[in-house]
Amino acid sequence: MDSILIQGGKRLEGAIPISGAKNSALTLLPCAILTDDKLTLSNLPRLADVDSFGHLLNELGVSTKIEGLQKGEIGRRMTLRAKKLISTTAPYDMVRRMRASILVLGPLLARAGDATVSLPGGCAIGDRPIDLHLKALEALGAEIELAAGYVRATAPRGGRLPGGDFTFPVVSVGATENAVMAAVLARGRSNLYNAAREPEIVDLCRLLQKMGAQIQGAGSPHISIEGVEKLNGCSYAVMPDRIEAGSYACAAGITGGSLDLIGARPEDMLATTNALAQCGLIVEFHDNGIKVSADGPLKPLALSTAPFPGFATDMQAQFMAMLCRAKGESFLEETIFENRYMHVPELRRMGANIDVRGRSAIVHGVDHMTGAKVMATDLRASMSLIIAGLAAEGETEVLRVYHLDRGYERLEEKLSAVGATIERKGGG
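Residues numbered from 1 in each chain as written. Predicted model: local features only at pLDDT ≥ 70, side-chain atom pairs only at ≥ 80, totals over all residues. Heavy atoms only, no water.

K.L.:
I would appreciate a short explanation of unusual backbone geometry in the present structure.
P.N.:
In this model, phenylalanine 308 is joined to proline 309 through a cis peptide bond whose omega is 15 degrees. Assignment of secondary structure puts proline 309 in the loop between strand E18 (302-304) and helix H10 (316-323). The residue alanine 148 is not glycine, and still its phi comes out positive at about 55 degrees. Secondary-structure assignment places alanine 148 in the loop between strand E8 (143-147) and strand E9 (150-154). On the basis of relative accessible area, alanine 148 is assigned to the exposed category, the value being 78%. The phi dihedral of asparagine 194 is positive, around 55 degrees, even though this residue is not glycine. With respect to the helices and strands, asparagine 194 occurs in the loop between strand E11 (189-193) and helix H7 (199-210). (Helix = DSSP H or I, 4+ residues; strand = E, 2+ residues; numbered from the N terminus. Buried < 20%, exposed > 50% of the residue type's maximum accessible area, 1.4 Å probe, protein only.)

K.L.:
Could you clarify how one ought to interpret the sheet that holds strand E12 (residues 214-216) in this entry?
P.N.:
Sheet strands line up and pair through hydrogen bonds in the backbone, either parallel or antiparallel. The strand order E10-E11-E13-E12 describes an open sheet built from four strands, whose pairing is mixed. In the strand order of this sheet, the two ends are held by strand E10 (165-167) and E12, each with one partner. Strand-to-strand, the axes of this sheet are offset by a mean angle of 10 degrees, without reference to chain direction. Across three bridges, the pairing between E10 and E11 is parallel. Opposite aspartate 165, over in E11, you have asparagine 191 as the bridge partner. (Pairing = 2+ DSSP bridges. Axes fitted to C-alpha atoms, helices over the stretch in contact; angles between N-to-C directions.)

K.L.:
How should the environment of glutamate 226 be read in this particular structure?
P.N.:
Checked against the element boundaries, glutamate 226 lands in strand E13 (residues 222-226). A relative accessible area of 29% means that glutamate 226 is categorised as partly exposed. On a C-alpha basis, the gap between glutamate 226 and glutamine 216 in space is 8.7 Å, while along the polypeptide they are 10 residues apart.

K.L.:
Just checking my understanding: could you explain the packing of helix H5 (residues 131-139) against helix H6 (residues 173-183) for this structure?
P.N.:
Two quantities define a packed helix pair, namely the angle between the axes and the distance from one axis to the other. With their axes 8 Å apart at the nearest point, H5 and H6 run at an angle of 25 degrees to one another. The orientation of H5 relative to H6 falls into the category roughly parallel. The two elements H5 and H6 meet at a crossing, and its hand is right-handed. Residues Leu132, His133, Ala136 and Leu137 of H5 pack against Gly174, Ala175, Asn178, Ala179 and Ala182 of H6. Each residue belonging to the contact of H5 with H6 can be placed in one class, and the counts come to six nonpolar, three polar and no charged. (Parallel < 35°, antiparallel > 145°, perpendicular 65-115°, else oblique. Left-handed = near helix turned anticlockwise from the far one by under 90°. Contact = heavy atoms within 4.5 Å. Nonpolar A, V, L, I, M, F, W, Y, C, P; charged D, E, K, R; others polar.)

K.L.:
Looking at this structure, I do not really get empty space enclosed by the protein. What am I missing?
P.N.:
Think of a ball as big as a water molecule: rolled over the atoms, this probe shows where empty space is left. Summed over all chains, the structure comprises one cavity of 30 Å³ or more. Of the pockets and cavities examined, the largest cavity occupies roughly 70 Å³. Lining the largest cavity, in full, are Arg242, Ile243, Asp268, Met269, Ala271, Thr272, Phe308, Pro309, Gly310, Phe311, Ala312 and Met315. For the lining of the largest cavity, the elements supplying multiple residues, two or more each, are helix H8 (242-254) and helix H9 (270-278). The residue makeup of the lining of the largest cavity, split by class, is eight nonpolar, two polar and two charged. (1 Å grid on protein atoms, 1.4 Å probe; cavity = no way out; pocket = protein on both sides within 12 Å on 5 of 7 lines; lining within 4 Å. Points joined across faces, edges and corners; volume = space filled by probe spheres on them.)

K.L.:
In this structure, what is going on with the pairing of strand E23 (residues 395-399)? I would like to understand it.
P.N.:
The side chains of a regular strand alternate between the sheet's two faces. Strand direction decides the pairing type here: strand E1 (residues 3-7) and E23, joined by five bridges, are antiparallel. Following the sheet pairing, leucine 5 is matched in E23 by glutamate 397. Of the strand pairs in this sheet, strand E22 (residues 373-375) and E23 are connected by three bridges, and their pairing is parallel. In the strand pairing of E23, valine 374 is matched with valine 398.

K.L.:
Whenever I open this one, the pattern of salt bridges confuses me. Can you help?
P.N.:
Two side chains with opposite charge may pair up if their charged atoms get near one another. Within the structure shown, the criterion is met by 21 salt bridges. A salt bridge links glutamate 200 to arginine 242; the shortest N-O distance between them is 2.9 Å. Highlighted residues: glutamate 200 in helix H7 and arginine 242 in helix H8, separated in sequence by 42 residues. The class for glutamate 200 is buried, based on a relative accessible area of 4%. Taken together, the shared-partner salt bridges in this structure form one network comprising Asp2, Asp405, Glu412 and Arg424. (Salt bridge = Lys/Arg side-chain N within 4 Å of Asp/Glu carboxyl O.)

K.L.:
For this particular structure, what's the right way to read the packing of H10 against helix H12 (residues 379-391)?
P.N.:
Across the interface, H10 lies against H12 with an axial gap of 8 Å and an inter-helix angle of 20 degrees. With respect to their mutual orientation, H10 and H12 come out roughly parallel. Relative to H12, the crossing made by H10 is right-handed. Along the contact surface, H10 presents Ala317, Gln318, Ala321 and Met322, while H12 presents Arg380, Ala381, Met383, Ser384, Ile387 and Ala388. Taken together, the residues of the contact of H10 with H12 sort by class into seven nonpolar, two polar and one charged.

K.L.:
Looking at this model, I keep getting lost on the sheet that holds strand E21 (residues 360-364). Mind explaining?
P.N.:
Pairing within the open sheet is mixed, and its four strands lie in the order E18-E19-E21-E20. The two strands at the open ends of the sheet, each matched to only one other strand, are E18 and strand E20 (353-357). The average undirected angle you get between the axes of adjacent strands in this sheet is 15 degrees. Pairing analysis gives three bridges linking E18 to strand E19 (residues 329-333), with the strands arranged parallel. When the bridges of E19 are listed, alanine 302 appears paired with phenylalanine 331.

Have a look at this one:
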């Protein structure tokens, strides 16, 4: 099994191109199910999760073709076409590898009137049940059955949902995405209240609007969708990854460096950039992205994760790693997932001083950290260990890096280009 070796203590300086957003790509890909025309997505990141989702779509009858890049494009360009669906079932073997597979439920229900998807089960960073997905689809007119580890959703006779109104009791990004995709082909109007406001939701709605969907209120707590008879194909570029950009900003901070994050969009990550500035970093917005530079010792701060526009839970681990080198005590509170401090014991192995009390953590800044052999437990925890390793004295080896390959494109290449000593070691 591969690992990543880092010789720490190198100041990072230069430019890093920000890839297309993983969380957006995994939401845009299933939109291909909603039309029998071609859908071309550009700026797709080269990630294991994107590949896995492509394989799932192939199982359903969606053709996928990787094409050559146009001048000025980065990432990948893929053309998808669901001319005829050959299956409406997402099997356990596919869903267990990637929780985002549940996002085929809404599109299959909208297009075919029938969808069967394996229940995803638990997750390393906490249980993420799909009850809100199912309740939202029921409100749109679907009939839901649970049996033998699968959920089956069916539309009334005629194969199209009637549409309806639903208020989410708590904000849910995935459930909002599934409900929006299910509603765009409904017979009537649907209203989603207390909907998620994340930039990835806006990206989804923009794509669907380009395909002919009638959607209002994307980015607000109230999304209104007037169902249409048919959607067309189109070409669309995936938004830049705000979590990748924030992660590299933390790498700049902990190494006392300066990184230009090319393509990052300030409006998508204001909570992150505000927190970086509170840590004492210089944050500059420009036409091509965001530049983050160290300006003396890091300052401690207090952070609490929250749905957008609050501080993203996907940035908590990376900030924790950076704050290990701040001058003073930092306070972090995790409100989204109940088990998202599994990186703490690994950071302690590198000399971090962190106390965890339930969903809260106190990070006592230390003068230095030392390299160690550490094990990644999930995607963002993996990046926190990379960030810590970049500043640690000596060598850090991060094991189980397949987690990183799910969410960070060309990690070693990007960091090497700005001064890091980092390489991948094959496990044989």
